[in-house]
Amino acid sequence: SNRDIARLVIGDEALMLWAQGETLSWPYHTDLARIWWEWQRRPFVFARWVVRRRAPERVKRTLEGRLRTSLMLGMASRQRLAGEASRRLGIAPSVLVRYLEGFHFELGESDLAGLARFHAFLEKSASQDAMR
């Protein structure tokens, strides 16, 4: 609501705000990925698929194959998916395609370095909290 002091938005709501760009009604807004990049010069990893090390290799291979297939099909269908989402969200399909194409779906060296740096900050913060 307009009486909120602050809000964290994710999903469709964040996408709709992102599409509005500088027309946001909030006096301050922060893109966490942009802030992290400006501070650390590394990408921020918001989500990651993981599987337990002790999971059977067959399960790991099956999961990896299904994820890769899903990603391939999703990206091959991004124009159609953007068209469907456009009607639901009221955002131009070209904006939605640009949004989807801005994601990194496989972690590279820079992504992993950013993730490691985040974990180091998290561990340092946790140890400082434990000493209080």
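Rules and cut-offs
Residues numbered from 1 in each chain as written. Predicted model: local features only at pLDDT ≥ 70, side-chain atom pairs only at ≥ 80, totals over all residues. Heavy atoms only, no water. Helix = DSSP H or I, 4+ residues; strand = E, 2+ residues; numbered from the N terminus. Rg over C-alpha atoms; globule rule 2.2 N^0.38 Å. Buried < 20%, exposed > 50% of the residue type's maximum accessible area, 1.4 Å probe, protein only. Contact = heavy atoms within 4.5 Å. Areas by Shrake-Rupley, 256 points an atom, 1.4 Å probe, with all protein chains shown as cover. Lys, Arg positive; Asp, Glu negative; His and termini not counted. Charge placed at Lys NZ, Arg CZ, Asp CG, Glu CD. Salt bridge = Lys/Arg side-chain N within 4 Å of Asp/Glu carboxyl O.

Moving on to the overall build of the protein chain. Broken down by element type, the protein chain carries six helices and zero strands. Computed over its C-alpha atoms, the radius of gyration of the protein chain comes to 19 Å, more than 25% above the 14 Å expected for a compact globule of 132 residues. For the protein chain, the spread of C-alpha atoms along the three principal axes comes to 45 × 45 × 25 Å. For the protein chain, the residues scored as buried account for 14% of the 132 residues in total. At a minimum sequence separation of 6, the contacts of the protein chain that also span at least 24 residues come to 53%. Counting only carbon and sulfur atoms, one obtains 56% of the accessible surface of the protein chain, whose full area is about 11,100 Å². A gap of 5 Å separates the mean positions of the 22 positive and 15 negative side-chain charges of the protein chain.

Let us now look at the pattern of salt bridges. For the coordinates displayed, the defined rule picks out seven salt bridges. A salt bridge links Glu-57 to Lys-60; its shortest N-O distance comes to 3.3 Å. Of this pair, Glu-57 and Lys-60 both sit in helix H3 (residues 57–76), three residues apart, which is roughly one turn of that helix. Here Arg-78 and Glu-101 are joined by a salt bridge, their closest N and O atoms 2.7 Å apart. With Arg-78 in helix H4 (residues 78–89) and Glu-101 in helix H5 (residues 93–101), this pair connects stretches of sequence that are 23 residues apart.

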